[in-house]
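# Coordinate analysis (summary)
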Amino acid sequence: MEQPDQPSHQRQNNLESEKHAATRVTIIGMILDAVLGIIKVIGGTLFNSQALLVDGIHSFTDVASDWVVLAVMRRSRKEPDADHPYGHQRIETLGTLVLGSILIAVGAALAWENILRLLSGEAQLVPGWPVLVAAAASVAGKEWIYRYTRHVGMKIRSDLIIANAWHSRTDAFSSVVVLVSTIGAMLGFVWLDVVAAVLIAAIIVHIGWKFTWDSVKELVDTGLSEDDTRMLKTIALETDGVRNVHELRSRRMGHDILLDVHLVVRPEISVSEGHQIGMKVVTGMRDALENIRDINFHIDAENDEKVPHATDPGLPDREALRRLLTEKLGELPPQSRLRLHYLKNRIHLEIFLDENHSGPHLTTEQVRAVLADYPWFGSVRVWVAAN
């Protein structure tokens with residue numbers, strides 16, 4: 001298994017830095033939402049604008065969602081622990097899902113409310129010009145906080161903060177609706193506000209659906225795209241020593257990618273050489289996708305994708321085989337070493353002897369003769385080390 005590319009203390013420092021940045025931008029947005037909410041509720045009440053009043057209530061719902069973001073970010077940026085060994089990013093994904101759902105609900109409510117206004121044909125009082133000032137200030141303020149929040153979200157790679165940025169922009173959209181409806185009311189074209197409201201509501205619903213659907217896909221461990229998966233397989237296959245690649249599986253934790261891959265190598269190489277080949281594959285994959293956090297690779301001596309579990313786990317192990325050889329051939333020299341290759345339900349044996357060992361001379365033919373009748377026997381070679 002390949003461990004994360006960052007030491008634990010460095011990763012913890014990064015998590016703390018990201019949490020601080022997310023908290024700061026969210027608190028700034030929350031204060032702005034509260035101030036704008038007060039201005040719009042008072043302005044809508046005093047200057048005959050039901051739209052501005054509702055928009056002010058919308059701003060207060062943003063304050064509530066900001067509290068949700070603060071709570072979620074505090075949890076999601078914690079270091080992995082015994083209960084969550086892969087980290088807590090899925091809490092952020094759940095928060096993104098909730099915010100996406102809120103966007104869908106807000107967009108649908110805006111569309112429904114304005115359609116009802118159009119169908120009812122109720123007479124409305126013409127709003128005063130201060131409504132335009134309040135709505136314009138809201139558009140400017142919410143557009144600024146959207147850009148600032150989205151910048152921070154991209155920097156710390158947080159879907160939740162990016163989703164919250166778009167949630168802030170929905171308030172700007174609704175303030176645009178207020179501007180359009182107010183101007184339309186002043187000019188006698190009240191229906192303009194409904195058309196604009198429905199179009200903007202559709203955009204809000206679309207954004208909310210995107211965040212919600214992406215979160216659902218992550219929560220059910222949807223893998224990388226076919227193009228990215230194909231690219232990673234190609235990188236592994238082009239690495240010296242890799243014969244085949246299979247069972248390449250991926251999933252996401254927030255913006256992080258977790259990979260599992262089986263690499264087929266030559267069966268006679270050492271464990272350390274196999275691991276070295278795997279580390280070269282890891283390096284190549286990390287260079288291709290920088291947000292890969294963990295790569296868990298498994299070294300195979302044969303392709304068990306076509307013939308799953310080709311080697312029977314009940315075959316004799318090293319100690320059982322040594323006891324069998326001792327029983328048949330007498331005590332093996334203490335300096336002897338065994339190397340076993342388990343391939344396709346057979347054991348291929350190598351025996352390494354020191355040239356100066358005492359005792360009877362052991363040959364390949366002798367070992368083959370005593371093991372030939374066992375169904376699991378594949379081949380044997382006896383090596384004598386030279387001085």
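Heads up: the structure comes first, above all this text.
None of the values given here were measured: they were computed from a predicted structure.

What counts as what
What you see as residue numbers is a count from 1 along each chain, following the sequence as written. The predicted origin of the model limits local features to residues at a pLDDT of at least 70 and limits the giving and counting of side-chain atom pairs to 80 or more, whereas totals for whole chains, interfaces and linings rest on all residues. For side-chain calculations, the full set of non-hydrogen atoms in the structure is used, while hydrogens and water are omitted. We call two strands paired when DSSP finds no fewer than two bridges between them. To qualify as a helix, a DSSP run of H or I must reach at least 4 residues; to qualify as a strand, a run of E must reach at least 2; elements of each kind are numbered from the N terminus. Lines fitted to the C-alpha atoms define the axes, with helices restricted to the stretch that makes contact. Angles between their N-to-C directions range from 0 to 180 degrees. When checking whether two residues touch, look at their non-hydrogen atoms; a contact exists if any pair is within 4.5 Å. Centres within 6.5 Å are what make two rings of Phe, Tyr or Trp a pair, Trp counting through its six-membered ring; a difference in plane orientation under 30 degrees is then read as stacked, over 60 as edge-to-face, and the rest as tilted. Counted as over-ring charges are cases with an Arg CZ or a Lys NZ within 6 Å of the ring centre that also lie within 35 degrees of the ring normal. The cut-offs for exposure are 20% and 50% of the maximum accessible area for each residue type, with area from a 1.4 Å probe on protein chains only; residues under the lower value are buried, those over the upper are exposed, and the others partly exposed. Comment on the angle field: the value is read as roughly parallel under 35 degrees, roughly antiparallel over 145, roughly perpendicular from 65 to 115, and oblique elsewhere. Each salt bridge in this description consists of a side-chain nitrogen of Lys or Arg and a carboxyl oxygen of Asp or Glu lying within 4 Å of one another. Each residue after the first adds 1.5 Å to the expected span of a helix. Less than a right angle of anticlockwise turn of the near helix away from the far helix marks a crossing as left-handed, whereas a clockwise turn marks it as right-handed. Gly is placed with the polar residues, together with every amino acid not listed as nonpolar (Ala, Val, Leu, Ile, Met, Phe, Trp, Tyr, Cys and Pro) or charged (Asp, Glu, Lys and Arg).

## Observations concerning the sheet that holds strand β1 (residues 244–253)
Reading across the sheet, the 3 strands line up as β1-β2-β3 and stay open at both edges, with mixed pairing between neighbours. The strands lining the two open edges of the sheet, one partner per strand, are β1 and β3 (292–300). Averaged over all pairs of adjacent strands, the angle between their axes in this sheet comes to 15°, without regard to strand direction. Along the sheet face, helix α7 (residues 226–237) touches β1 and β2 (256–264) and points at about 135° away from the line of β1. With respect to the sheet, helix α8 (residues 271–288) is in contact with β2 and β3, its orientation differing from that of β3 by roughly 150°.

## Some remarks on the sheet that holds strand β6 (residues 377–385)
Read from one edge of the open sheet, 3 strands run β4-β5-β6, paired in mixed fashion. Edge positions in the sheet fall to β4 (337–343) and β6, since each of these pairs with one other strand and no more. The mean angle between the axes of side-by-side strands here comes to 15°, regardless of whether they run parallel or antiparallel. Bridge analysis of β4 against strand β5 (residues 346–354) gives 7 bridges, and the strand direction is antiparallel. Bridging from a neighbouring strand, Arg337 pairs with Phe352 of β5. Against the sheet, helix α9 (residues 318–329) touches β4 and β5, its axis set at about 120° to β4. Against the sheet, helix α10 (residues 364–371) makes contact with β5 and β6, and its axis sits at roughly 155° relative to β6, the strand it touches most.

## Section: the packing of aromatic side chains
The final tally for this structure, using the stated rule, is 5 aromatic pairs. An angle of 5° between the planes, with centres 5.8 Å apart, marks the rings of Trp209 and Trp213 as stacked. Within this pair, Trp209 and its partner Trp213 are both found in helix α6 (residues 191–219), separated by 4 residues, close to a single helical turn. Between Arg337 and the ring centre of Phe352, over which it is positioned, the NZ or CZ distance is 4.7 Å.

## A closer look at unusual backbone geometry
Non-glycine residue Glu247 carries a positive phi angle of around 50°. Positionally, Glu247 belongs in strand β1. Its identity is not glycine, yet Asn345 carries a phi of approximately 65°, on the positive side. Locating Asn345 in the fold gives a position in the loop between β4 and β5. Overall, the relative accessible area of 35% leaves Asn345 in the partly exposed class.

## Describing the packing of α9 against α10
Between α9 and α10, the shortest axis-to-axis distance is 11 Å and the interhelical angle comes to 105°. On the basis of the axis angle, α9 is roughly perpendicular to α10. The segment α9 lies against α10, with Leu324, Leu325, Lys328 and Leu329 engaging Gln366, Val367, Val370 and Leu371.

## Description of the pattern of salt bridges
Applying the stated criterion across every chain, the model contains 6 salt bridges. When the shortest N-O distance is used, the salt bridge between Glu143 and Arg147 registers 3.0 Å. With Glu143 and Arg147 both in helix α4 (residues 129–155) and 4 residues apart, the pair spans about one turn of that helix. We classify Arg147 as exposed; its relative accessible area is 54%.

## Topic: α8
The terminal C-alpha atoms of α8 lie 26 Å apart, and with 18 residues this matches the ideal 26 Å at 1.5 Å per residue to within 8%. Inspection of α8 places Gly274, Ile277, Gly278, Val281, Val282, Gly284, Met285 and Arg286 among the buried residues, and these make up the whole buried set. Where α8 is buried, its residues touch α7, β2 and β3.

## Here's the deal with the packing of α4 against helix α5 (residues 159–187)
Two packed helices can be described by the angle between their axes and the distance between those axes. Remark: α4 packs on α5, axes separated minimally by 8 Å, with the N-to-C direction vectors making an angle of 160°. By the angle between their axes, α4 is roughly antiparallel relative to α5. As for the relative orientation of α4 and α5, their crossing is left-handed in sense. Here the residues of the contact of α4 with α5 are counted per class, giving 19 nonpolar, 6 polar and 6 charged.

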